[in-house]
Amino acid sequence: MIPTLFLATLCLGVVSAAPLHDSSLDAEWHEWKTRHGKTYMMNEEGQKRAVWENNRKMIELHNEDYAKGKHGFSLEMNAFGDLTNTEFKEVMTGFRGMSTTEMSLFQEPLLGDVPKSVDWRKHGYVTPVKHQGKCGACWAFSAVGSLVGQMFRKTGKLVPLSEQNLVDCSWSYGNKGCDGGWMDAAFQYVKDNGGLDTSESYPYEARNTTCRYNPKYSAANVTGFVRIPPSEHLLMKAVATVGPISVAIDSKHPSFQFYRGGMYYEANCSNDLIFLDHAVLLVGYGEESDGKKYWLVKNSWGENWGVNGYIKMARDQNNNCGIATYALYPTV
């Protein structure tokens with residue numbers, strides 16, 4: 001149950017009926033619609049325009065503060081500009097808590113120091129950024145990303161796997177397809193199913209369809225999965241020694257919706273599991289020249305969001321946005 005106060009906060013972006021528009025933004029509005037392929041019914045364009053103007057103003061004010069050094073990251077208008085924050089959360093997230101599946105706990109390796117920075121993209125573990133579309137299947141993209149990395153670690157072959165296979169076929173494990181799910185249930189499905197098809201044989205459709213798993217096209221299996229206790233220290237050890245890790249975060253803030261670049265830190269983020277709403281893939285970590293530490297995170301909102309689909313999230317800042325609260329990876 002989402003608290004009433006939280007709902008009220010989310011609804012601040014809702015625009016009243018019959019809004020007034022800033023005519024000086026007409027050309028910019030039409031250019032934005034063209035760039036992102038937006039078309040509306042006549043009775044909805046006015047409200048969409050008002051939401052866009054509200055978001056544009058918020059972005060402008062944030063970036064003015066960013067220029068003054070008040071923020072470590074900047075924002076930009078993107079394809080989500082006509083969505084209120086409430087609407088955005090409803091269609092672009094999809095992490096739905098945690099199941100009661102049994103799993104092993106991560107044991108801190110005996111080795112001493114780990115590298116100061118890690119980026120598994122540079123070592124072949126990570127496929128290109130994808131777009132989940134208007135389907136709350138982030139959990140499937142996160143699970144697939146971690147499984148692809150572990151299969152690469154085992155075989156040396158980077159084979160894209162099917163998110164749609166998980167969306168369609170893991171309902172009996174508690175997942176709800178485009179209406180959300182969690183990664184441990186996805187891994188349990190693959191383990192019990194005996195495999196997961198490739199994305200080439202079972203392409204993504206951004207909708208719930210009939211399960212069409214075919215063992216002939218399976219390219220991965222799962223023997224178990226490992227949960228990392230909620231500790232950024234242990235999470236860093238896991239990333240350094242294992243590979244990309246599935247994590248959940250609190251992404252429900254406008255600052256995340258319109259993130260452009262820089263070190264993301266959101267003071268209003270929660271690190272409580274019940275407020276985590278989005279699943280992503282942690283592919284590395286590092287440290288900027290000014291000493292600020294970050295997590296390197298792959299999102300599933302396409303390459304036009306953030307920095308080519310990625311975001312740098314603040315590390316060692318009291319588990320900001322809950323990045324270490326729910327983290328796990330499969331064994332293969």
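For the structure, see preceding data.
Residues numbered from 1 in each chain as written. Predicted model: local features only at pLDDT ≥ 70, side-chain atom pairs only at ≥ 80, totals over all residues. Heavy atoms only, no water.

*Asks:* What is the right way to read the overall build of the protein from this model?
*Replies:* Assigned secondary structure in the protein consists of 9 helices and 12 strands. For the protein, whose C-alpha radius of gyration is 20 Å, the value lies close to the compact-globule estimate of 20 Å for 332 residues. Across its three principal axes, the protein shows a C-alpha extent of roughly 60 × 50 × 35 Å. Across the 332 residues of the protein, 53% fall into the buried class. Long-range contacts, defined as pairs at least 24 residues apart, comprise 77% of the intrachain contacts of the protein with a sequence gap of at least 6. Taking the 33 positively charged and 36 negatively charged side chains of the protein as two groups, their mean positions are separated by 4 Å. (Helix = DSSP H or I, 4+ residues; strand = E, 2+ residues; numbered from the N terminus. Rg over C-alpha atoms; globule rule 2.2 N^0.38 Å. Buried < 20%, exposed > 50% of the residue type's maximum accessible area, 1.4 Å probe, protein only. Contact = heavy atoms within 4.5 Å. Lys, Arg positive; Asp, Glu negative; His and termini not counted. Charge placed at Lys NZ, Arg CZ, Asp CG, Glu CD.)

*Asks:* Even after reading the chapter, I still don't get empty space enclosed by the protein, so can you show me in this structure?
*Replies:* Using a probe with the size of a water molecule, rolled over the atoms, empty space left in the structure can be pinpointed. Counted by the stated rule, this structure contains 1 cavity of 30 Å³ or more. Put simply, the largest cavity is a space of about 130 Å³. Surrounding the largest cavity, 16 residues form its lining, Phe141, Ser142, Gly145, Leu281 and Lys298 being those nearest its centre. Looking at the lining of the largest cavity, the elements that each hand over two or more residues are α5 (138-155) and β9 (278-287). Considered class by class, the residues forming the lining of the largest cavity number 8 nonpolar, 5 polar and 3 charged. (1 Å grid on protein atoms, 1.4 Å probe; cavity = no way out; pocket = protein on both sides within 12 Å on 5 of 7 lines; lining within 4 Å. Points joined across faces, edges and corners; volume = space filled by probe spheres on them. Nonpolar A, V, L, I, M, F, W, Y, C, P; charged D, E, K, R; others polar.)

*Asks:* What is the right way to read the packing of α5 against helix α7 (residues 183-193) from this model?
*Replies:* Any two packed helices are characterised by how steeply their axes cross, that is the angle between the axes, and by the distance between the axes. Where α5 meets α7, the closest approach of the two axes is 9 Å, and the angle between their N-to-C directions is 60 degrees. One element, α5, and the other, α7, form an angle in the oblique class. In this structure, the crossing between α5 and α7 has a hand that is right-handed. Contacts between α5 and α7 involve Trp139, Ser142, Ala143, Ser146 and Leu147 on the former and, on the latter, Met183, Ala186, Phe187 and Val190. (Axes fitted to C-alpha atoms, helices over the stretch in contact; angles between N-to-C directions. Parallel < 35°, antiparallel > 145°, perpendicular 65-115°, else oblique. Left-handed = near helix turned anticlockwise from the far one by under 90°.)

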